[in-house]
Amino acid sequence: ISSFLSGSNNKFLSNSSSMKDQRTDIAKQFHVDPKLFDDTSIPPSIQQLNAQIEETSSHTPLLSTLDPTLVKNARAAQYKHDTRRTTLSIPGHRPNTDTDSTPPLKLALFRPTTKNVRGVYLHLHGGGWMIGSAFGQSDDRLQGYANDHGMAVVSVDYRLTPEWRWPAPLYDCVAAALWALGPGRVMFGSGGEENETKPVLVGGESSGAQLCVSTLLYLHHRNLLNTETDFRAVNLVYGFYDLEEGTPSRQAFHRRLVFTNEELSWFAQHLRPDNQNNKPIDNNNDDDEDEDVLLEDLLSPLHAKFPSNILPPALFSVGTADALLDDTLLMAQSWEEARVNSKDDKSELVVMPGAAHGV
């Protein structure tokens, strides 16, 4: 498993010209050519694709004006299910409660065609914590990952808004992560005669990337993640890491290119614990103020406290026409600053000129 990508919590600069300079500095930190941020670097084919997306979007209503259930059902109707996929069910996670009292969690399993499994890739799907599924949203792609890399790919069907709110999806991902590091490794051959330990990787897109980061930080703060080798590497694709006012690129983004700032704010609103339209989760943890503070911090992990030299190397990828461009750049910077003395591989940053969110 080759080098995957490259913390502290620098407050980003709100001034647009200052943010432009900061983007250049971050790019140089990761040996990325700053010219990739220039419009002149966008390939004609990507320019044409973006124009087509914007033209189509101009004739459709903003998602934020629609009923969330309608949006979710419309997306689910497009899923394509792979017959090679199988289903696992594991206990959920909730602090200070008996395991039997937690709702079960379903995992979608994609096995490789090779006999020997090299490791486990834990996948957290995107969809604004509202749409998306481990079952049918990305079956072809995830089965492809399994076959191409000889990995068992396990996608988490975490709870979604509007029925559930934070921290329900986080707790589901924590349960899946603990399973992957324990029973999941055993299931795919660890602990045999050679006492081989299968590497476990974790990754996700957009809201799934946010859940990846928040899950790792939660595990660390609860002393459930102690070394960089617990998760060998992290794959973070155009993550949504600031659910507060938003990073400069999100604040300035008004194009109808996949998601507008208004639509992204709508997704975040439905996840927030103070949204009374969402079903609350009873943590049975009223006396644990530390848990509440931690959960609040992890909602916007860009502003969370990063542990020193405990995070694995990460691969950050984002397009320059993504409203969440700065979320990825600033997260990459904070992540790698927290790993400054790490002896493991450096993290990496991939910037794709003109690529929009999810494209």
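Scope of this entry: the structure provided in the associated data block. Predicted model only: the values in this text are computed from it and were never measured. (Residues numbered from 1 in each chain as written. Predicted model: local features only at pLDDT ≥ 70, side-chain atom pairs only at ≥ 80, totals over all residues. Heavy atoms only, no water.)

Thoughts on the overall build of the protein chain
From N to C terminus, the protein chain includes ten helices and eight strands. Looking at the protein chain as a whole, 56% of its 359 residues are labelled buried. With an accessible surface of roughly 16000 Å², the protein chain has 49% of that area assigned to carbon and sulfur atoms. (Helix = DSSP H or I, 4+ residues; strand = E, 2+ residues; numbered from the N terminus. Buried < 20%, exposed > 50% of the residue type's maximum accessible area, 1.4 Å probe, protein only. Areas by Shrake-Rupley, 256 points an atom, 1.4 Å probe, with all protein chains shown as cover.)

Things to note about helix α3 (residues 68–76)
It helps to recall that an α-helix has 3.6 residues per turn; residues three or four apart then point in one direction. Taken together, the buried positions of α3 are P68, V71 and K72. Across the axial projection of α3, the buried residues extend over an arc of 95°, all falling on one side. Against α8 (261–271) lie the buried residues of α3. Backbone nitrogen of T69 and a side-chain oxygen of the N-cap are separated by 3.0 Å at the start of α3; the cap is D67. (Arc of directions from axis to C-beta. Contact = heavy atoms within 4.5 Å. Polar contact = N/O pair within 3.5 Å; in protein donor to acceptor, adjacent residues only side chain to side chain.)

Details of the packing of aromatic side chains
Scanning the entire structure with this criterion turns up seven aromatic pairs. Residues Y171 and Y218 carry aromatic rings whose centres are separated by 6.0 Å and whose planes lie at 70° to one another, so their mutual orientation is edge-to-face. Linking Y171 in helix α5 (residues 168–187) with Y218 in helix α6 (residues 207–221), this pair joins segments that are 47 residues apart in sequence. We classify Y218 as buried; its relative accessible area is 1%. Taking 6.1 Å as the distance between ring centres and 80° as the angle between the ring planes, the aromatic pair formed by F316 and W335 counts as edge-to-face. Of this pair, F316 sits in strand β7 (residues 314–319) while W335 sits in helix α10 (residues 325–337), and the two are 19 residues apart along the sequence. A network of ring pairs unites the aromatic residues F259, W266 and F267 as a single cluster. A cation over a ring is seen here: R159 above W164, with NZ or CZ 4.7 Å from the ring centre. If you follow R222 out to its NZ or CZ, it ends over the ring of Y218, 5.8 Å from the centre. (Phe/Tyr/Trp six-rings, centres within 6.5 Å; stacked < 30°, edge-to-face > 60°. Lys NZ or Arg CZ within 6 Å of the ring centre and 35° of its normal.)

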